[in-house]
Amino acid sequence: MSKITALFNDLKASGKKGLIPFITAGDPAPGLTVELMHALVRGGANVIELGVPFSDPMADGPVIQRSSERALSQGVTLHGCLEMVKEFRKSDANTPVVLMGYANPVEQMGAERFATEAKAAGVDGVLIVDYPPEECVDFAARMRVAGVDPIFLLAPTSSPERIKEAAKIASGYIYYVSMRGVTGASHLNTQDVASIIPKIREATPIPIAVGFGINDAESARTVSKTADAVVIGSRIIRLLEESPPGQAVQSLETFMREIRVALDS
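What counts, and where the lines are drawn
- Residues numbered from 1 in each chain as written.
- Predicted model: local features only at pLDDT ≥ 70, side-chain atom pairs only at ≥ 80, totals over all residues.
- Heavy atoms only, no water.
- 1 Å grid on protein atoms, 1.4 Å probe; cavity = no way out; pocket = protein on both sides within 12 Å on 5 of 7 lines; lining within 4 Å.
- Points joined across faces, edges and corners; volume = space filled by probe spheres on them.
- Helix = DSSP H or I, 4+ residues; strand = E, 2+ residues; numbered from the N terminus.
- Nonpolar A, V, L, I, M, F, W, Y, C, P; charged D, E, K, R; others polar.
- Axes fitted to C-alpha atoms, helices over the stretch in contact; angles between N-to-C directions.
- Parallel < 35°, antiparallel > 145°, perpendicular 65-115°, else oblique.
- Left-handed = near helix turned anticlockwise from the far one by under 90°.
- Contact = heavy atoms within 4.5 Å.
- Salt bridge = Lys/Arg side-chain N within 4 Å of Asp/Glu carboxyl O.
- Buried < 20%, exposed > 50% of the residue type's maximum accessible area, 1.4 Å probe, protein only.
- pLDDT = per-residue confidence, 0-100.
- Pairing = 2+ DSSP bridges.
- Core = buried A, V, L, I, M, F, W, Y, C linked by side-chain atoms within 4.5 Å.

Chemist: Quick rundown of the layout of surface pockets? Include the residues and the values.
Modeler: Here the second largest pocket defines a volume of roughly 260 Å³. Around the second largest pocket sit 15 residues that line it, and Phe8, Lys12, Pro205, Pro207 and Asp228 are the ones nearest its centre. Tallying contributions element by element places helix 1 (residues 3–14) first for the lining of the second largest pocket, with 5 residues. The residue makeup of the lining of the second largest pocket, split by class, is 5 nonpolar, 5 polar and 5 charged.

Chemist: Requested: an account of the packing of helix 3 (residues 62–73) against helix 11 (residues 234–242), with residues and values cited.
Modeler: Packing of helix 3 against helix 11 brings their axes to within 9 Å, and their N-to-C directions diverge by 55 degrees. Classified by the angle their axes make, helix 3 and helix 11 are oblique. The element helix 3 and its partner helix 11 pack so that their crossing is left-handed. Here helix 3 contributes Val63, Ile64, Arg66, Ser67 and Arg70 to the contact with helix 11, which in turn contributes Ser234, Ile237, Arg238 and Glu241. Each residue belonging to the contact of helix 3 with helix 11 can be placed in one class, and the counts come to 3 nonpolar, 2 polar and 4 charged.

Chemist: An account of the pattern of salt bridges is requested, with residue identities and associated values reported.
Modeler: For the coordinates displayed, the defined rule picks out 14 salt bridges. Arginine 70 is paired through a salt bridge with glutamate 241; the nearest N and O atoms lie 2.9 Å apart. Within this pair, whereas arginine 70 is found in helix 3, its partner glutamate 241 is found in helix 11, the two being separated by 171 residues in sequence. Judged by its relative accessible area of 31%, glutamate 241 falls in the partly exposed class. One network of salt bridges, with partners in common, ties together Asp27, Arg66, Arg70 and Glu241.

Chemist: Talk me through the confidence of the model for the protein; I want residue IDs and the actual numbers.
Modeler: Here the protein averages 93 in pLDDT, and 95% of its residues register 70 or above. Low pLDDT, under 50, characterises residues 181–185; the predicted model gives this stretch 16 contacts beyond four residues in sequence or across chains.

Chemist: Give me the lowdown on the pairing of strand 1 (residues 18–24), citing residues and values where you can.
Modeler: Here strand 1 lies mainly inside the structure; 7 of its 7 residues are buried. Examined bridge by bridge, strand 1 and strand 9 (residues 229–232) share 4 bridges and lie parallel to one another. Note that in strand 9 the partner of leucine 19 across the bridge is valine 230. Pairing of strand 1 with strand 2 (residues 48–51) involves 3 bridges; the strand directions are parallel. Bridge assignment links threonine 24 to a residue of strand 2, and that residue is glycine 51.

Chemist: Report on the sheet that holds strand 7 (residues 174–177), specifying residues and quantitative values.
Modeler: An order of 5-4-3-2-1-9-8-7-6 is seen for the 9 strands of this open sheet, with the pairing classed as parallel. Every interior strand has two partners, whereas the edge strands, strand 5 (149–151) and strand 6 (153–154), have only one. In this structure, strand 7 lies alongside strand 8 (residues 208–211), joined through 4 bridges in parallel fashion. Looking across to strand 8, one finds that tyrosine 175 is bridged to alanine 209.

Chemist: Give me the lowdown on the nonpolar core, citing residues and values where you can.
Modeler: Ranked by internal contacts, the top residues of the largest apolar core, which has 69 residues, are Leu99, Phe114, Phe139, Val210 and Ile236. The element that contributes the greatest number of residues to this core is helix 12 (residues 248–264), accounting for 7 residues. When neighbours within four sequence positions are excluded, phenylalanine 114 is seen to be in contact with Leu78, Leu99, Val106, Met109, Val126, Phe139 and Met143. Phe22, Val129, Phe212 and Ile237 belong to the second-largest nonpolar core, a separate cluster that totals 25 residues.

Right under this line is the structure:
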């Protein structure tokens with residue numbers, strides 16, 4: 001059983017919902033990333049999604065695009081992201097870490113080497129945004145052999161066939177994109193989310209995490225009524241952008257505690 005699966009089993013047994021924050025590795029500074037990861041855990045995160053910066057992040061809105069640009073300008077690479085996970089693991093062996101990014105850096109490294117090095121670094125799951133499930137049977141199998149959960153996206157536009165394909169090869173959790181468009185959008189329709197999640201559950205028992213458009217405690221609590229976990233990304237990146245120098249870590253931890261309280265209430 002993977003670390004992510006064990007976590008969701010424990011959450012279900014305790015009647016709690018998962019909190020999955022996203023930060024971009026290297027933003028606002030490479031030397032701060034591991035400290036931010038620990039702040040996320042102290043604030044109540046169950047899983048950390050660590051974004052691998054990429055020059056053309058097609059699914060990301062301007063907020064996360066800016067974070068990638070800042071990280072890339074400071075020389076952050078896929079290898080550097082793995083080194084950050086290794087450093088995090090020196091003092092946290094338990095919190096699952098999911099690398100989230102795009103195909104190009106993985107293709108450049110090679111899928112087999114990537115699987116091996118990700119596992120060695122302490123990565124528990126991988127979500128490659130532009131890897132469609134119907135074309136990734138071999139990739140998903142290679143990840144599972146390495147002990148890394150392959151996680152896939154579903155969206156409001158996903159056909160029944162796409163849902164079935166993802167259900168066949170995904171493990172850890174399914175990431176359901178709650179709206180059409182890019183990250184950071186504000187037009188979250190929680191009723192639409194509540195109506196679609198049961199259809200995904202018909203195809204798979206894998207936990208469902210919902211992201212895109214979750215910006216505060218209220219939206220997180222509402223979505224968690226039907227989802228197994230909520231993912232928060234753009235709101236966190238904005239918080240880091242707006243935090244004065246030296247206050248980013250504490251501001252992040254405080255924000256996470258607010259979301260955690262809302263999910264547990």
